[in-house]
Amino acid sequence: MANERPILLVEDNPDDEALTLRAFGKNRIANPVVVARDGVEAIDYLFASGSHAGRDVSVMPAVILLDLKLPRIDGLEVLRRIRADERTALLPVVVLTTSRELQDIREAYRLGANSYIRKPVDFERFIQAVGQLGVYWLSLNEAADASSASY
């Protein structure tokens, strides 16, 4: 079931992390949320390495919310690595960022982002955006069956 699978939130800004978690709560999004605060931590979580060694890789995120401007490994490189590995290639990735750079938008889609959303500055609009994300990616979207992939 979708609400049993976690949401992977890749966000280095503590204020944006707190706002996103608050927006999940206001929208009654019940999925557990795993927060990765940089690109390395996101990759470690997805591939059960580093600080996430031993994690059950049969439980993949229902959706990945990916910021682009991250320390250590940027969001575009995280996206490139997600799409390059058959275990994660079909996971839905929503870029959720403040970047308005046309080059970032084009590159994110070229690398296989499912959606590109600029974070609204206004909190009420942000709550609405997160609610719409939740309805679509966690309820309406038919996910590829990752459980049949060989690991």
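Residues numbered from 1 in each chain as written. Predicted model: local features only at pLDDT ≥ 70, side-chain atom pairs only at ≥ 80, totals over all residues. Heavy atoms only, no water.

The protein chain goes by Response regulator in an unreviewed UniProt entry, where it is assigned to Pseudothauera nasutitermitis.

Visitor: In this structure, what is going on with the side chain of Asp44? I would like to understand it.
Guide: When you line up the elements, Asp44 lands in helix H2 (residues 39-47). Of the side chains with opposite charge, Arg72 lies nearest to the buried Asp44, which makes no salt bridge, at 5.4 Å. Leave out the neighbours within four places in its chain, and Asp44 touches Ser49, Gly50, Ser51 and His52. (Helix = DSSP H or I, 4+ residues; strand = E, 2+ residues; numbered from the N terminus. Buried < 20%, exposed > 50% of the residue type's maximum accessible area, 1.4 Å probe, protein only. Lys, Arg positive; Asp, Glu negative; His and termini not counted. Salt bridge = Lys/Arg side-chain N within 4 Å of Asp/Glu carboxyl O. Contact = heavy atoms within 4.5 Å.)

Visitor: What is the right way to look at the packing of helix H3 (residues 75-84) against helix H4 (residues 102-110) in this model?
Guide: When two helices pack together, their arrangement is captured by the angle between the axes and the distance separating the axes. H4 packs onto H3 with a crossing angle of 10 degrees between their chain directions and a minimal axis gap of 10 Å. Between H3 and H4, the angle is such that the two are roughly parallel. In terms of crossing hand, the pair formed by H3 and H4 is left-handed. When H3 is examined against H4, the residues Leu76, Leu79 and Arg80 are found in contact with a partner set consisting of Asp104, Glu107, Ala108 and Arg110. (Axes fitted to C-alpha atoms, helices over the stretch in contact; angles between N-to-C directions. Parallel < 35°, antiparallel > 145°, perpendicular 65-115°, else oblique. Left-handed = near helix turned anticlockwise from the far one by under 90°.)

Visitor: I tried to follow unusual backbone geometry on my own but got confused; where do I start?
Guide: Working note: non-glycine residues mostly have negative phi, and peptide bonds are mostly trans. Although it is not a glycine, Ala48 adopts a positive phi angle of roughly 50 degrees. Turning to its location among the elements, Ala48 is positioned in the loop between H2 and strand S3 (63-66). Backbone geometry places Arg72, a non-glycine residue, at a positive phi of 70 degrees. Looking at where Arg72 falls in the secondary structure, it is placed in the loop between S3 and H3.

Visitor: Honestly, the pairing of S3 in this entry has me stumped. Any pointers?
Guide: Regular strands show a simple pattern: their side chains alternate between the two faces of the sheet. Alternating residues of S3 divide into Val63 and Leu65 and Ile64 and Leu66, and every residue in both groups is buried. In this structure, S3 lies alongside strand S4 (residues 93-97), joined through three bridges in parallel fashion. From the neighbouring strand, Leu66 faces S4, where its bridge partner is Val95. The parallel pair S3 and S4, bridged by H3, forms a crossover whose chirality is right-handed. (Pairing = 2+ DSSP bridges. Right-handed = clockwise from strand over helix to strand, strands pointing away.)

Visitor: Would you mind going over the pattern of salt bridges with me for this structure?
Guide: Side chains bearing opposite charge may pair, as long as their charged atoms lie close to each other. Taken as a whole and assessed by the stated rule, the structure comprises 12 salt bridges. Between Asp67 and Lys119 there is a salt bridge, with the nearest N and O atoms lying 3.9 Å from each other. With Asp67 in the loop between S3 and H3 and Lys119 in the loop between strand S5 (115-118) and helix H5 (123-140), this pair connects stretches of sequence that are 52 residues apart. You can call Asp67 buried: its relative accessible area is 6%. Measuring nitrogen to oxygen at the nearest pair gives 2.7 Å for the salt bridge that ties Arg110 to Glu107. Here Arg110 and its partner Glu107 are both found in helix H4, three residues apart, which amounts to about one turn of the helix. Given a relative accessible area of 57%, Arg110 falls into the exposed group.

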